[in-house]
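The primary structure of each chain is shown beneath.
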Number of protein chains: 2
Amino acid sequence: MREITARELSLNTATLGPARSLREAVQACLRHGIGGISPWRDKIAEAGLDNAARMIREAGLAVSGVCRGGMFPAADAEGRNRALAENHRAVDEAAALGAACLVMVVGGLPPASKDLAGARRQVADGLAATLGYARVQNVPLAIEPLHPMYAADRACINTLGQALDVCDTLGPGIGVAIDVYHVWWDPDLDAAIARAGASGRLLAYHVCDWLVPTRDLLLDRGMMGDGVIDLRRIRGSVEAAGYAGPCEVEIFSSMTWWPKPPDEILATMVERGRSCV
Amino acid sequence: MREITARELSLNTATLGPARSLREAVQACLRHGIGGISPWRDKIAEAGLDNAARMIREAGLAVSGVCRGGMFPAADAEGRNRALAENHRAVDEAAALGAACLVMVVGGLPPASKDLAGARRQVADGLAATLGYARVQNVPLAIEPLHPMYAADRACINTLGQALDVCDTLGPGIGVAIDVYHVWWDPDLDAAIARAGASGRLLAYHVCDWLVPTRDLLLDRGMMGDGVIDLRRIRGSVEAAGYAGPCEVEIFSSMTWWPKPPDEILATMVERGRSCV
């Protein structure tokens, strides 16, 4: 297996916490030799799209993804149309940044709904509609299957196999973003990773760790090496399936990492990239 | 679909919280016409096994299960042997109570381990060893697949399909306990329920609800009807697969329900059984 140095890492801006700007993230990447960045859209909006694109280009950073499109299910047609319009804007931003993909967190149940199958149909429809536009803009869509604990409120695509089934119904221009946090527990993981690679749909790979105990469903992810995920083994499967892109670090950690200075976070990321990823 | 009255419900003792005795649970069931009970082993131990069996028998309650066996993975052979001995005692208790099954929460990763596949092999071995004894005692074992958010620390069998695969390698005398909290998100749920029924392995059905937001990974389950699970639909699948046993109510709720008096909890259970389950 290849060695993961700073060049092979990409910084997802969420790892620095909500208080840091895109400029701070870009400058921190430069100081630590990080090869890529994956900005959230609120950070792009804060900086302004043109300015964000120029900063990232001048820093020589690859854009491993833009976070995020999706959130399709809605209670009515007006809500669904709003979501589609928002996804078109997300595609435009990913195109302007030259992103490797637009990460799709597809959305959960509409308010007051218990119709999970219906939400999943809305997601398939929303992805199909967005894909038409994304193909024209040359932006690959990457469905990120989210951990089942987010099925109600964030994403009703919850396994890699399920995401690949959706991709197969939609054709070219769409694939998957594999985040270890969401899929590490899946007894069918290795087979699904191989399937993603064989179908050319493995577009992004995200790392962090699962802590024991986990104190919060959303904001208690661990730094690589601090939890129970066998990161080396999963990366082996991902690379055996043909993936040669960056390892994107996305850590939501309101209690442990976000309070720390960016330099401490990135120095740890780089060290753990070598020793644990 | 049949109507779920108090007679069709079974009270899992965890629903009353850790402060209530088995005697309090039995008496509350009698007051509310609940048809069954499913005691945790700590409550059996508190009451004494003979006394527990007599109380339940005299109350005319069916025992829908005993919670719980399992917790097989360990760091060394001594730990594994301790777990097997503990499981033999659990089988004995289930036999003494005439339980419909011994619920198996199989265990997660041993301390400091990241070897999920190895833990799953230890679970299969532990189940096989326990099954030999359980068959002699005429106690069906029921694997409870747990939500993937418990894969590290409680159970590394995380989907119904995975549980049924394990059952198929082990032969007769073992099946599954389906708890909606753990499986409601699964895109393959209906197929797996049908498979469980067709193979005669559908031994228990547990209900509660998934709250949005969920404030704690373990102790924030909802009362039926207060969350997003389409309980009527899932019970339809379970009954179409041939299940005609009780609906066992198991709600870990340290903030909302455990502080309430047992009569309020049971009255709500009975009302929601009719209106929501």
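Rules of the game
- Residues numbered from 1 in each chain as written.
- Chains lettered and ligands numbered in written order.
- Predicted model: local features only at pLDDT ≥ 70, side-chain atom pairs only at ≥ 80, totals over all residues.
- Helix = DSSP H or I, 4+ residues; strand = E, 2+ residues; numbered from the N terminus.
- Rg over C-alpha atoms; globule rule 2.2 N^0.38 Å.
- Buried ≥ 20, exposed ≤ 12 C-beta atoms within 10 Å, placed from the backbone.
- Contact = placed C-beta atoms within 7 Å.
- Least-squares fit on C-alpha atoms with pLDDT ≥ 70 in both.
- Arc of directions from axis to C-beta.
- pLDDT = per-residue confidence, 0-100.
- Nonpolar A, V, L, I, M, F, W, Y, C, P; charged D, E, K, R; others polar.

Trainee: Could you clarify how one ought to interpret the overall build of chain A in this entry?
Mentor: A count of helices and strands for chain A gives ten helices and nine strands. Computed over its C-alpha atoms, the radius of gyration of chain A comes to 17 Å, within 12% of the 19 Å expected for a compact globule of 277 residues. Counting all 277 residues of chain A, 53% fall into the buried class. At a minimum sequence separation of 6, the contacts of chain A that also span at least 24 residues come to 78%.

Trainee: Mind showing me how you'd approach the relation of the copies chain B and chain A here?
Mentor: Two copies of the chain are present, and they differ by a rotation about an axis and a shift along that axis. Rotating chain B by 180 degrees and moving it 0.0 Å along the rotation axis overlays it on chain A with an RMSD of 0.0 Å. Put plainly, the chains are arranged around a two-fold axis. A shared interface surface links the copies, since 100% of the contact residues of chain B are contact residues in chain A too.

Trainee: Help me understand helix α1 (residues 22-32) of chain B in this model?
Mentor: Two residues of an α-helix separated by three or four positions point the same way, owing to the 3.6 residues in each turn. All names here are of chain B. Those residues of α1 not exposed but buried are Leu22, Ala25, Val26, Ala28 and Cys29. Take α1 and look down its axis: the buried residues cluster within an arc of 160 degrees, on one side only. Those residues of α1 hidden inside the fold are in contact with β1 (9-12), β2 (36-38), α2 (41-47), α3 (49-58) and α10 (262-275). Gly33 sits one or two residues past α1 and shows a positive phi near 70 degrees.

Trainee: Explanation requested: the confidence of the model for chain A in the structure shown.
Mentor: Note: predicted coordinates in regions of low pLDDT should not be interpreted at a detailed level. Overall, the predicted model of chain A reaches an average pLDDT of 98, with 100% of residues at or above 70. Reported for the predicted complex are a pTM of 0.98 and an ipTM of 0.97.

Trainee: Just checking my understanding: could you explain unusual backbone geometry for this structure?
Mentor: Peptide bonds are trans in most cases, and residues, glycine excluded, mostly fall at negative phi. Omega for the bond connecting A:Cys67 with A:Arg68 falls within 30 degrees of zero, at 0 degrees, which places this linkage in the cis form. Within the secondary structure layout, A:Arg68 lies in strand β4 (residues 66-70). Geometrically, the link from B:Val212 to B:Pro213 is a cis peptide bond, its omega value of -5 degrees lying close to zero. You can see B:Pro213 is positioned in the loop between β8 (202-207) and α9 (231-240).

Trainee: Is there a simple way to think about the interface of chain B and chain A in this case?
Mentor: Where interface size is quoted, it is often the accessible area lost as the parts come together. Contacts between the two partners involve 22 residues from chain B and, on the opposite side, 22 residues from chain A. Its residues assigned to classes, the side of chain B that touches chain A shows 13 nonpolar, five polar and four charged.

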